[in-house]
Amino acid sequence: MPLQRLDISQLRNLSKVQFKPSPHVNLISGANGSGKTSILEAIHLLSLGRSFRSHKHKTYIQKETSECVIFALIEPVQTTGLGLSSPQPIGLKRQLDGVLDARLSGQKIQSLVELTQALPIQLINPDAFRLLEGTPKIRRQFLDWGVFHHSPGFINAWRGWQKALKQRNSLLRRGKISDNLLLAFDQELIRLGSEVNQYRHDYLESLIPVFKQVLSSLNATLEVSLQLFQGWDAQKTLAQSLDASRSRDIESGYSNTGPQRADLRVKTPTGDALDALSRGQQKLVVSALKIAQGKLLIESGRSLVFLVDDLPAELDKEHRDKLCQLLEALNSQIFITSVGPELMDYSWSETIDVRHFEMKAGELSHYPSDVLQES
Ligand SMILES: Nc1ncnc2c1ncn2[C@@H]1O[C@H](COP(=O)(O)OP(=O)(O)OP(=O)(O)O)[C@@H](O)[C@H]1O
Ligand SMILES: [Mg+2]
């Protein structure tokens, strides 16, 4: 499923960048502000329809232009017997007025979920700590990305539950609703919310052993556990929890309990990972979480693209090498950026296609090989 070709137009300082990445390792170096992160941002946009740097599309569309366009060819999955199908085109255009036009194989997509299905990515960047220090919503999104790829039934249950929750909250906001009327509305919410919760529990059970294994390869001394806070008292069913909170919900005008409050708790034996670990250790934990998610997906026969922005940020040479070693073993397509090529000097296996690129003021070129030999 790797990207065979990537064309980016009018994204930040990338006026026009076209290149053929390696199906394995792509190393991009260049000075601050040269446009390295913007390459990864383009791939992220293609996968999720949104940037990881800003929710405002106006900030990433190139100044004094009216739209940015990203296009890629996705290599088909190898099939036995009937030969190969042709590469799948995937394209996205975002206009200054906000209009988004995204296409897969020439067809306009109905939902951004189709992009994520076609091009799953995992991003490890200097902002990765947000997974630990941000709001529960960020960790729920992380968890649900994994559940979505792991369990085909999840997306329908999740959509139905979201709809039921929105209806309930709008009834609550309007007020003047009796316990009994609310109880009638709650039946669908309980059914779908319990399903969503079960999917999350099942997924986490699969993720935990993979996470532990990945983390110990990165750092054998770190002891970190993952727990799902499901959004209500673990001793109660969702129906019991809603029963207990119905009067409070009517009074407060919103739903106080349920899967919308779920959180993934990341703990060390002495407390929350965020309080107990150094910055570098936190980055290792977040990297292990993301690699573990990717590994689970790969083990289920899918593939994905890893984006590692600013590899050296917070990581010493030993841990940079361990991270690269883990990524190498996944046999996925990887894009890694760093200000200098010497900071990405891991010895990749000779069987791997490693391509070095240099970014200079928005222009991407193959890194001159003589410079690499000197460094
Ligand atoms: N909307 C925009 N239009 C044009 N240029 C922009 C826009 N937004 C940002 N830029 C510029 O584009 C460049 C984007 O750089 P980017 O963040 O990709 O660099 P980088 O190589 O990752 O740098 P660093 O090493 O500092 O992380 C910067 O020079 C920035 O000033
Ligand atoms: Mg950058």
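Residues numbered from 1 in each chain as written. Chains lettered and ligands numbered in written order. Predicted model: local features only at pLDDT ≥ 70, side-chain atom pairs only at ≥ 80, totals over all residues. Heavy atoms only, no water.

A. Spotlight on the overall build of the protein. Within the protein one finds 12 helices and 15 strands. The globule rule puts the C-alpha radius of gyration for 375 residues at 21 Å, and the 22 Å found for the protein is close to it. Dimensions along the principal axes, computed over C-alpha positions, put the protein at roughly 75 × 50 × 50 Å. Residues classed as buried in the protein amount to 51% of the 375 residues present. Once local pairs closer than 6 in sequence are excluded, the contacts in the protein between residues at least 24 apart make up 72%. With an accessible surface of roughly 17900 Å², the protein has 49% of that area assigned to carbon and sulfur atoms. (Helix = DSSP H or I, 4+ residues; strand = E, 2+ residues; numbered from the N terminus. Rg over C-alpha atoms; globule rule 2.2 N^0.38 Å. Buried < 20%, exposed > 50% of the residue type's maximum accessible area, 1.4 Å probe, protein only. Contact = heavy atoms within 4.5 Å. Areas by Shrake-Rupley, 256 points an atom, 1.4 Å probe, with all protein chains shown as cover.)

B. Layout of the site of ligand 1. Near ligand 1 you find 16 residues, and of these Gly-33, Lys-36, Thr-37, Ser-38 and Arg-53 are the closest. Within the contact set of ligand 1, a nitrogen atom lies 3.0 Å away from a backbone nitrogen or oxygen of Ile-61. Here Lys-63 contributes a backbone N or O atom positioned 2.9 Å from a nitrogen atom of ligand 1. Its free accessible area being 660 Å², ligand 1 has 71% of it covered by the protein chains. Broken down by element, the residue count for the shell around ligand 1 peaks at 3 residues, all from helix H1 (residues 36-48). Classifying every residue of the shell around ligand 1 gives 3 nonpolar, 9 polar and 4 charged. (Near = heavy atom within 4 Å. Polar contact = N/O pair within 3.5 Å; in protein donor to acceptor, adjacent residues only side chain to side chain. Nonpolar A, V, L, I, M, F, W, Y, C, P; charged D, E, K, R; others polar.)

C. Looking closely at the layout of surface pockets. The computed volume of the largest pocket comes to approximately 1500 Å³. Around the largest pocket, the lining comprises 41 residues; the ones closest to its centre are Leu-48, Arg-50, Ile-138, Gln-141 and Phe-142. Its residues assigned to classes, the lining of the largest pocket comprises 17 nonpolar, 13 polar and 11 charged. Two domains each provide a minimum of three residues to the lining of the largest pocket, namely domain 1 (1-120 + 304-375) and domain 2 (130-302). What the second largest pocket holds in volume is close to 380 Å³. (1 Å grid on protein atoms, 1.4 Å probe; cavity = no way out; pocket = protein on both sides within 12 Å on 5 of 7 lines; lining within 4 Å. Points joined across faces, edges and corners; volume = space filled by probe spheres on them. Domains from an automatic or database assignment.)

D. A look at the sheet that holds strand E4 (residues 67-74). If you walk across this open sheet you meet the 6 strands as E2-E1-E4-E5-E6-E7, and the pairing is antiparallel. The outermost strands of the open sheet, each flanked by one partner alone, are strand E2 (14-19) and strand E7 (107-108). Direction of pairing for strand E6 (residues 100-104) relative to E7: antiparallel, over a ladder of 2 bridges. Bridge pairing in E7 places Arg-103 opposite Lys-108. Helix-sheet contacts for H1 involve strand E1 (3-11), E2, E4 and strand E5 (88-95), and the interaxial angle to E1 is about 105 degrees. (Pairing = 2+ DSSP bridges. Axes fitted to C-alpha atoms, helices over the stretch in contact; angles between N-to-C directions.)

E. Expanded view of empty space enclosed by the protein. Taken as a whole and assessed by the stated rule, the structure comprises 2 cavities of 30 Å³ or more. Lining the largest cavity we find Gly-146, His-149, His-150, Tyr-203, Gln-293, Leu-296, Leu-297 and Ser-300. Residues that form the lining of the largest cavity fall into these classes: 3 nonpolar, 5 polar and no charged. In this model, the second largest cavity occupies a volume close to 30 Å³. Around the second largest cavity sit Trp-161, Leu-165, Leu-189, Leu-238, Leu-242, Thr-257, Gly-258, Pro-259 and Gln-260, which together line it. Among the elements of the structure, helix H6 (154-174) and helix H8 (238-252) are those that each provide at least two residues to the lining of the second largest cavity. Residues belonging to the lining of the second largest cavity are distributed by class as follows: 6 nonpolar, 3 polar and no charged.

F. Geometry of the sheet that holds strand E10 (residues 263-268). Pairing within the open sheet is antiparallel, and its 3 strands lie in the order E9-E10-E11. The sheet is open, and its two borders are formed by strand E9 (225-229) and strand E11 (271-272), each paired with just one other strand. Those strands touched by helix H7 (residues 179-218) are E9 and E10, and its axis lies near 175 degrees from that of E9.

G. Inspection of the domain arrangement of the protein at higher detail. Partitioning the protein into domains gives domain 1 (1-120 + 304-375) and domain 2 (130-302). Once you take the C-alpha centre of each, domain 1 and domain 2 turn out to be 29 Å apart. Facing the 19 residues of domain 1 at the interface are 21 residues of domain 2. Summing both sides of the interface, domain 1 and domain 2 together bury roughly 1800 Å²; the carbon and sulfur share of this comes to 71%. It is Leu-304, Leu-326 and Leu-330 that lose the most area in domain 1 upon contact with domain 2, and together they represent 29% of the buried surface on that side. Where domain 1 touches domain 2, the interface holds 0 salt bridges. Here domain 1 and domain 2 share 3 residue pairs in polar contact (both at pLDDT 80 or more) between them. (Buried area = accessible area lost by both parts, 1.4 Å probe. Salt bridge = Lys/Arg side-chain N within 4 Å of Asp/Glu carboxyl O.)

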